[in-house]
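Working through the structure, step by step
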There are 2 protein chains.
Amino acid sequence: MIHESKARLLEAALKVIRTKGYNATRIEDICQEAALTKGSFFHHFKGKEELALAAAEYWSQTTGELFENAPYHDHADPLARLLGYIDFRRDLLRGELPEFTCLVGTMVQEIYETVPAIRNACESSICGHAATLEGDIRAARKKYRPGGDWTDESLALYIQSVLQGSFVLAKARQRTTVAVDNLNHLRRYIEMLFPSFKPETGS
Amino acid sequence: MIHESKARLLEAALKVIRTKGYNATRIEDICQEAALTKGSFFHHFKGKEELALAAAEYWSQTTGELFENAPYHDHADPLARLLGYIDFRRDLLRGELPEFTCLVGTMVQEIYETVPAIRNACESSICGHAATLEGDIRAARKKYRPGGDWTDESLALYIQSVLQGSFVLAKARQRTTVAVDNLNHLRRYIEMLFPSFKPETGS
DNA sequence: AGGTATATACCGACTGATTGGTATGTTGTC
DNA sequence: GACAACATACCAATCAGTCGGTATATACCT
């Protein structure tokens, strides 16, 4: 089991980095947010970069669990599961921006050229999550045989791109509505990609 | 007319910020890139924040001109112009990442909560650019009368979101292919949104 | 033409504040 | 007493911003 103070530091890191970005985040900001001191911080982490790696790992795990346990998996139909994922993502767009924004998407923009280790961690996190959608996409394709020249992977990554872009625009506009509208566009696209699919009644 | 050294500093700022992000960019990095000194920098700009605002303004202007003079405006059909824009954006995805990546999209992720003035400038830049698409979208809608519950503005912003998200994913994967695939998905979506449109022959 | 005043453009040494990281504790627990 | 978990004082490096100074150009006066 992970130590409580370490978990507090990681939670604090998520909050501060998602708010101020990685580079502007001072180690003492995180300590303050976690109500601990630098002594404790450097006891648990070698330095800022190791924290970022741990935070990305922690992020992958916690969000992974969130999506694993999400209700959209209950649909019998694979395409319904995929659309359910979109709806679930849309429902997550609540509260303040740093609460629903993506940690690794924020970090990778800053360090993609300068800190390869963090970039790799961000890539794993994003692409690993995208990969969880590929099974349903493949199954939906097999079932509904849609046309079009695209791969399962490219659609999964497209979905993630729309999400990441929605966060950027939401930050620029300081409003959530753009993100909601975008997910509605995305949902419509996926529905149109599978014209032979008839949506179930109900939510 | 803008002073040559000031323009050099702005160009240098674009390059460095797009590579390292805003916060990690040191004023001396920019001076070095521009082959000038801090004395010159502080002669032209009050400080880092004023530089960021000037850079955003400069970015809006130069990219504005690029798109104004782009060939996609030559199409007679408004939807062909919109699709031409997508193709044009796809053709821009050449060279190294910092060369085709968006300055203001990069900056806004870092400072959206901490520097309102820069955030406003980024919002203006992105939304101002998006607004240049709305005319063609509106005209295409009038001409082709598509169904669906969406607004001109939301589609324009969706297009920008896909672009911004593509940059994030491209940075994470260190490859351009994701971005190209995404624009192909986006193009397909727009084509499907307007089912009564028959694409012209040719490019 | 010569002289001088003023402003712009630029240089580079310096400073003060910040901050990542360290070193040295102190406390609690097995 | 040994070690983990934290605290605190401190150090060294970095960097935004300052400041005094130089070079060049233009304008104005005599």
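Residues numbered from 1 in each chain as written. Chains lettered and ligands numbered in written order. Predicted model: local features only at pLDDT ≥ 70, side-chain atom pairs only at ≥ 80, totals over all residues. Heavy atoms only, no water.

1. Comments concerning the protein's contact with DNA strand D
Note the cut-off: One heavy atom within 4 Å of a molecule or strand is enough for the residue carrying it to be called near that molecule or strand. Each polar contact in these results corresponds to two N or O atoms within 3.5 Å; when the atoms are within protein, one needs to be able to donate a hydrogen and the other to accept it, and residues that are neighboring in sequence are counted only if both atoms are side-chain atoms. Only runs of H or I of at least four residues qualify as helices and only runs of E of at least two qualify as strands under DSSP, and these elements are numbered from the N terminus. The residue classification treats Ala, Val, Leu, Ile, Met, Phe, Trp, Tyr, Cys and Pro as nonpolar and Asp, Glu, Lys and Arg as charged. All others, Gly included, are polar.
As a matter of local geometry, DNA strand D sits amid 16 residues, with S5, T37, H43 and H44 of chain A together with K38 of chain B nearest to it. The sugar-phosphate share of atoms of DNA strand D within 4 Å of the protein amounts to 63%. Interatomic distance of 2.8 Å between a side-chain N/O atom of T37 of chain A and a phosphate oxygen of DNA strand D. Between DNA strand D and K48 of chain B, the relevant distance is 3.2 Å, taken from a phosphate oxygen to a main-chain nitrogen or oxygen of the residue. Within the residue set of the surface near DNA strand D, elements represented by two or more residues are helix 3 (38-44) of chain A together with helix 3 (38-44) of chain B. Per-element tally for the surface near DNA strand D: the top contributor is helix 3 of chain A, with five residues. For the surface near DNA strand D, the residue count by class is three nonpolar, nine polar and four charged.

2. Comments concerning unusual backbone geometry
All names here are of chain B. In this structure, A35 takes a positive phi of about 60° despite not being glycine. Inspection of the secondary structure assignment puts A35 in the loop between helix 2 (27-34) and helix 3. Even without being glycine, Q174 reaches a positive phi, approximately 55°. In this structure, Q174 sits in the loop between helix 9 (152-173) and helix 10 (177-193).

3. Examining the relation of the copies chain A and chain B
Keep this limit in mind: A least-squares superposition brings the copies together, and it is based on the C-alpha atoms of residues with pLDDT no lower than 70 in both. Throughout, a contact is declared for two residues whenever any of their heavy atoms are within 4.5 Å.
It takes a turn of 180° to lay chain A on chain B, together with a shift of 0.0 Å along the axis; the resulting RMSD is 0.1 Å. Here the transformation between the copies is reduced to the relation of a two-fold axis. Taking the C-alpha atom as reference, chain A places G165 of chain A closest to the rotation axis, 1.8 Å from it. Of all interface residues in chain A, 100% are interface residues in chain B too; the two copies therefore contact each other through one and the same surface.

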